[in-house]
Number of protein chains: 2
Amino acid sequence: MTNPDKFYRGKKVLVTGGLGFIGLNLSRSLLELGATVTVLDNFMPTDVSRPLAEFIGKIKVAIADIRDAEKVERVVRDQEVIFNLAGKSGAADSNKTPLNDLDINCRGHLNVLEACRVFNPGVAIVFPSSRLVYGKPHYLPVDEKHPLAPESIYAAHKLAVENYHLIYGKLYGIKATVLRISNPYGPFQAGEGRAYGIANSFIQAAVSGRTITLFGDGGQRRDYLYIDDLVDALLRAASRPESRGRTYNIGDGQGISLLELAEKAVLEAGGGEIVRVPWPEEYRAIETGDYLSDISLARKELGWSPRTDIREGIARTVISYR
Amino acid sequence: MTNPDKFYRGKKVLVTGGLGFIGLNLSRSLLELGATVTVLDNFMPTDVSRPLAEFIGKIKVAIADIRDAEKVERVVRDQEVIFNLAGKSGAADSNKTPLNDLDINCRGHLNVLEACRVFNPGVAIVFPSSRLVYGKPHYLPVDEKHPLAPESIYAAHKLAVENYHLIYGKLYGIKATVLRISNPYGPFQAGEGRAYGIANSFIQAAVSGRTITLFGDGGQRRDYLYIDDLVDALLRAASRPESRGRTYNIGDGQGISLLELAEKAVLEAGGGEIVRVPWPEEYRAIETGDYLSDISLARKELGWSPRTDIREGIARTVISYR
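Keep in mind that what you see is a predicted model, and the values were worked out from it rather than measured.

When helices and strands are counted, chain A shows 13 helices and 13 strands. By the compact-globule yardstick of 20 Å for 322 residues, chain A fits well, its C-alpha radius of gyration being 19 Å. In terms of overall dimensions, chain A has C-alpha extents of about 50 × 45 × 40 Å along its principal axes.

In structure tokens form, the structure reads like this:
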């Protein structure tokens, strides 16, 4: 069993999409564990807080688009571990601009993997996919054997890129691991422009005393994963030899309704107001109903389990937004 | 139950990739059924036989690459049925040039579907995917619920494009059907430059008195589908309302080893010689072992079943090559 505390000490680690929500949280942990951290991102946030600016000063930052194969090659060549978080998120958006989604989310990742194949085939790489590859669940909780039926271009591309990673693993020896993550939330946003996910947007709204908009009755259950637990899963996935070529669900395994989530956000923040509106058509089309992760495999093979319950996670996130 | 004989009479039908092996055979049937046939292909074969030239004279031919969105739009707009056969085949090749495979096989098909969405959302479209989306079978025969684990970039992209078709069906009402076909073979090739598949290449070699090269012992079983049976499946898939949004395995359902296939080709052709060589690495890497289709679903929902046994199919193909 690998101890992540020792594994990352002195390791050269690349985080693509490293200035996003997950990337910043992960990079901070990597730095604490003694890794030499490089982040690759396509834009440098301009309105960063002082703590964030200080943090960014301690890592290497390469500003480049993953569609730029030459720049990607230069950054990838001498890394020992890659967390391949880059990409464009948003299922509804992907359906409006499928060719753009293809370009960033498929071609970009092929660039990263091609650079690994040519310059760095011994690298360990972790790809965070999405629970959206399953589509509407046939049963709950959803395990990794559940049928795959993506319902948006974003999810279809996530599945394609999962397969790219596993194929490059088999063909070229790259140590690839896929995580199908549910809905992450938590502190350490790089400003409003990069808000991430529904839980954080609810909490932000509550903290600012704004309205939280629910579509329909807000009854659909979802699995919200606190960011520290996700970071822990990422760190374990790259450091364990057992995870090579494997795919794991990473979620909270519990699940609450959107309405409960909104109520908890309002309660913890002491502000905000819940408003219900009818389903907009473009969201209804990609709505997948209740979702719950079966995380038994990750518990078993990664020795991982989520440690932060939703109330505590929301409370910590509220504090960070203040 | 729709009678394909009547369904296609007077219908405007587009066959993308229509000058390829499957496309030409399908287009010929469509013409016989009274359809107005347009084929879209990226190149016009130069060394066509007289019967083929005469046939091509009876259909509309649009020479364009499916990556050319504008030309695709013009051809797609007023069709009633599309058989979306265009694309680049070859699993080994796709691993060498993944970005090129992405461009043709993903972006090209998004162009076709985007043109349908904007100009022709009522169209019926059939996409021939591949049994390679299953990867190495976990059990035989393989039904449509078998896990999906593509082992080449080609297969990963076939799966992505399956999902595109089904997603466009759900989101925009396009009547999409996916067929996961096994190894088609048979007459009506458009010259050597467009040889298609392993069975035809064996038969061609035997007819020409050349050697048939087997990798290893040639023991792996495969499911070879005679082209007329595949054309029948394609015609049924587009004409039946039940097939909308559905995915079907289309194969022979029987299966013989590569060695038996080679022996039958030599026997029927009265020539050729079988030679065994060790597995080349690039082919071993994508070799998926024995494969057999479970075609129960297509039998039930399309009323389809293969009618040509392998000996008869090889005999007819031998005649066509002479």
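So much for the structure itself; the text now carries on.
Within soluble globular proteins, side chains that are nonpolar tend to cluster in buried spots. Counting 196 residues, the largest nonpolar core has Leu234 and Ala265 of chain A together with Leu234 and Ala265 of chain B as its most contacted members. Aside from chain neighbours lying at most four places away, what touches Leu234 of chain A is Leu26, Phe83, Val126 and Leu179 of chain A.

Here we come to the interface of chain A and chain B. The interface is formed by 24 residues belonging to chain A together with 24 residues belonging to chain B. Counting residues per element, the ones that place at least two in the side of chain A that touches chain B are α6 (98-119) and α7 (153-172) of chain A. No other element matches α7 of chain A, which puts 9 residues into the side of chain A that touches chain B. Considered class by class, the residues forming the side of chain A that touches chain B number 15 nonpolar, 4 polar and 5 charged.

Here we come to the confidence of the model for chain A. Looking at chain A as a whole, its pLDDT mean stands at 92, while 96% of the residues score no less than 70. Interface confidence for the predicted complex, expressed as ipTM, amounts to 0.92; the pTM equals 0.94.

What follows covers unusual backbone geometry. The omega torsion across Leu140 of chain A and Pro141 of chain A is -10°, close enough to zero to call that bond cis. For Pro141 of chain A, the position within the fold is in the loop between β5 (124-130) and α7.

Residues and elements named next belong to chain B. What the 7 strands build is an open sheet, ordered β3-β2-β1-β4-β5-β6-β11; its pairing is parallel. Two strands close off the open sheet at either side, each with one partner strand: β3 (60-63) and β11 (247-250). Geometrically, the sheet is characterised by an average inter-axis angle of 20° between neighbouring strands, direction not taken into account. Across 4 bridges, the pairing between strand β2 (residues 36-41) and β3 is parallel. The residue of β3 that forms the bridge with Thr38 is Lys60.

Residues and elements named next belong to chain A. The strand order β3-β2-β1-β4-β5-β6-β11 describes an open sheet built from 7 strands, whose pairing is parallel. Across the chains shown, the open sheet's two edge strands, defined by having one partner strand only, are β3 (60-63) and β11 (247-250). Within the sheet, the average angular offset between the axes of one strand and its neighbour, ignoring direction, is 20°.

It is worth spelling out the environment of Arg67 of chain B at this point. Residue and element names in this part refer to chain B. If you trace the backbone, Arg67 turns up in the loop between β3 and α4 (69-76). It is 9.0 Å that separates the C-alpha atoms of Arg67 and Asn105, two residues lying 38 residues apart in sequence. The residues contacting Arg67, other than those within four sequence positions of it, are Asp103, Ile104, Arg107, Gly108 and Asn111.

We now examine the packing of α4 of chain B against helix α6 (residues 98-119) of chain B. All names here are of chain B. Packing of α4 against α6 brings their axes to within 9 Å, and their N-to-C directions diverge by 50°. As judged from the angle between their axes, α4 and α6 are oblique. When you trace α4 past α6, the crossing you get is right-handed. On the side of α4, the interface is formed by Ala69, Val72, Glu73 and Val76, while α6 contributes Asn111, Val112, Ala115, Cys116 and Phe119. Of the residues assigned to the contact of α4 with α6, the class counts are 7 nonpolar, 1 polar and 1 charged.

Before going further, it helps to spend a moment on helix α2 (residues 21-32) of chain A. Because the α-helix completes a turn every 3.6 residues, residues three or four places apart line up on one side. All names here are of chain A. Between its terminal C-alpha atoms α2 stretches 17 Å, which fits the 16 Å expected from 12 residues at 1.5 Å a residue. The complete set of buried residues in α2 reads Phe21, Ile22, Gly23, Leu24, Asn25, Leu26, Ser27 and Leu30. Where α2 is buried, its residues touch β1 (12-16), β2 (36-41), β4 (81-84), β5, β7 (183-185) and α9 (227-239). One or two residues past the end of α2 sits Gly34, with phi positive at roughly 90°.

Next up on the list: the relation of the copies chain A and chain B. Under the fitted operation, chain A is carried onto chain B by 0.0 Å of movement along the axis and a turn of 180°, and the coordinates agree to an RMSD of 0.0 Å. Such a turn and shift between the copies fits a two-fold axis. In terms of proximity to the rotation axis, the leading residue of chain A is Ala160 of chain A, whose C-alpha is 3.0 Å off the axis. A high fraction, 100%, of the interface residues of chain A reappear at the interface in chain B, so the copies pair face to face through one surface.

This part covers α4 of chain B. Here α4 of chain B has its buried residues at Val72, Val75 and Val76 of chain B. Buried residues of α4 of chain B fall within an arc of 95° about the axis and therefore sit on the same side.

Residue and element names in this part refer to chain A. Its place among the elements puts Ala206 in helix α8 (residues 197-207). Residue Ala206 is classed as buried on the basis of its 28 C-beta neighbours within 10 Å. Residues Ala206 and Tyr226 lie 20 residues apart in sequence; the distance between their C-alpha atoms is 18 Å. Non-local contacts of Ala206, meaning those with residues more than four positions away in its chain, are made with Ile212, Ala265, Val266, Ala269, Gly271 and Gly272.

Rules used in this analysis
- Residues numbered from 1 in each chain as written.
- Chains lettered and ligands numbered in written order.
- Predicted model: local features only at pLDDT ≥ 70, side-chain atom pairs only at ≥ 80, totals over all residues.
- Helix = DSSP H or I, 4+ residues; strand = E, 2+ residues; numbered from the N terminus.
- Rg over C-alpha atoms; globule rule 2.2 N^0.38 Å.
- Core = buried A, V, L, I, M, F, W, Y, C linked by C-beta atoms within 7 Å.
- Buried ≥ 20, exposed ≤ 12 C-beta atoms within 10 Å, placed from the backbone.
- Contact = placed C-beta atoms within 7 Å.
- Nonpolar A, V, L, I, M, F, W, Y, C, P; charged D, E, K, R; others polar.
- pLDDT = per-residue confidence, 0-100.
- Pairing = 2+ DSSP bridges.
- Axes fitted to C-alpha atoms, helices over the stretch in contact; angles between N-to-C directions.
- Parallel < 35°, antiparallel > 145°, perpendicular 65-115°, else oblique.
- Left-handed = near helix turned anticlockwise from the far one by under 90°.
- Expected span 1.5 Å × (residues − 1).
- Least-squares fit on C-alpha atoms with pLDDT ≥ 70 in both.
- Arc of directions from axis to C-beta.

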